[in-house]
Each structure stands twice: as structure tokens, then as C-alpha cells.
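# Descriptive structure summary
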Amino acid sequence: MNSPYLNELKQQARRLRSEIAAKSAPISHSQSLEMIAHQQGFKDWNTLHATASNRPAFEKLGLGDTVRGRYLGQAFAGEVVSIRTVKLGQLYHVSIQLEQAIDVVTFDSFSNFRRRLSCTVDHSGVSPARTSNGEPHMILEL
């Protein structure tokens with residue numbers, strides 16, 4: 001199954017092939033794929049394909065994005081530093097580096113401050129894991 005990113009790269013290769021054929025000597029589709037790979041900074045199409053195939057298909061969120069949400073009832077803002085597909089198209093493990101540490105414990109005589117959060121969320125940014133009161137562990141504002 002191709003990612004949307006990989007499909008776009010293949011479309012670019014088709015357009016490139018058509019443009020070159022119209023203006024000069026025709027080239028093969030594989031030659032145009034190699035050219036696209038070089039334009040993207042990869043040594044060849046196979047390397048680009050492997051990299052693009054390993055990208056998570058979580059289109060609403062990307063590495064480096066700023067995100068807001070709630071974790072264990074505490075509001076947060078931070079930067080996405082990791083996304084990994086757990087179940088294709090359904091579950092993703094995200095790690096977020098927080099702008100400010102948050103206390104993830106609600107007990108008055110104890111605190112646990114965190115600067116980085118890691119949690120599994122669905123395609124809408126809501127964790128399937130729940131607290132004892134039924135609230136999701138994490139809710140991302142996408």
C-alpha cells in the first residue's frame with residue numbers, strides 16, 4: 001500500500017517524463033523516478049521509496065508540528081518529535097516535547113512533572129487508553 005506522499009512522487013515522475021518527452025528526447029519511467037529521487041536528495045529511487053514507505057500515514061500531524069491538547073486532564077502545548085504507526089490507518093504512537101512541564105498527578109501531596117509525553121492515539125488524536133474516570137489519556141487538538 002503506497003502512502004499519499006509516495007503516490008505524489010510517482011505523479012511528479014510521470015509529469016517530468018511527459019515534459020522531457022515533449023521538449024527533447026523521451027526517457028523511461030524508471031529514469032524519471034531516479035530524477036525525482038535525486039531532486040529529493042536521495043541517491044536513488046529505491047532509497048526514496050523505502051524512506052517514503054516507512055513514513056506514518058498520519059496526515060493530520062507531522063514531525064515538528066506544534067500541537068495542543070490534554071494529557072491526563074492537564075492542558076499542554078508542544079512539538080511532535082516522533083510518530084510511529086502502530087496499526088496502519090488506525091493507531092499511532094506519538095511523542096511530544098512540551099513547551100512547559102506539566103504535573104500529570106492530581107494528588108495534592110505528590111507531583112510528577114513531565115517535559116515529554118508519549119502516547120498511542122487514533123486517527124482523530126484521541127487515546128484509546130482511558131483513566132479510571134473514563135477520560136482518554138490524551139486528546140490532541142488537530
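What counts and what doesn't
Residue numbers restart at each chain and count upward from 1, following the sequence in its written direction. Local features in a predicted model are, by the rule used here, given only for residues with pLDDT of at least 70; side-chain atom pairs are given and counted only at 80 or more, and totals for whole chains, interfaces and linings are based on all residues. Excluded from the side-chain calculation are hydrogens and water; included are all heavy atoms of the structure. Only protein chains enter the accessibility calculation, which uses a 1.4 Å probe. A residue is then buried if its area is under 20% of the maximum for its type, exposed if over 50%, and partly exposed in between. Secondary structure elements are taken from DSSP: a helix is a run of H or I of four residues or more, a strand is a run of E of two residues or more, and numbering for both begins at the N terminus. Between two residues, a contact is recorded if the distance between any of their heavy atoms is within 4.5 Å. By the criterion applied in these results, polar contacts are pairs of N or O atoms within 3.5 Å in which, for protein atoms, one can donate a hydrogen and the other can accept it, and in which residues neighboring in sequence qualify only through two side-chain atoms. Asp and Glu count as negative and Lys and Arg as positive, but His and the ends of the chain are not part of the count. Here, a salt bridge means any side-chain nitrogen of Lys or Arg that lies within 4 Å of a carboxyl oxygen of Asp or Glu.

## Here's the deal with unusual backbone geometry
You will see that leucine 72, though not glycine, has its phi angle at about 50°, which is positive. By relative accessible area, leucine 72 is classed as partly exposed at 25%.

## Describing the environment of histidine 137
By secondary structure assignment, the location of histidine 137 is in the loop between strand 4 (113-122) and strand 5 (138-141). On a C-alpha basis, the gap between histidine 137 and leucine 72 in space is 5.0 Å, while along the polypeptide they are 65 residues apart. Setting aside anything within four residues of it in sequence, one finds histidine 137 in contact with Arg70, Tyr71, Leu72, Cys119, Ser127, Ala129, Arg130 and Thr131. For histidine 137, the side chain forms a polar contact with the main-chain oxygen of arginine 130, separated by 3.2 Å.

## Examining the side chain of aspartate 44
Locating aspartate 44 in the fold gives a position in the loop between helix 2 (29-39) and helix 3 (45-53). One buried charged residue, aspartate 44, remains without a salt bridge, the closest side chain of opposite sign being lysine 43 at 4.4 Å. Side-chain polar atoms of aspartate 44 contact the backbone nitrogen of asparagine 46, separated by 3.3 Å.

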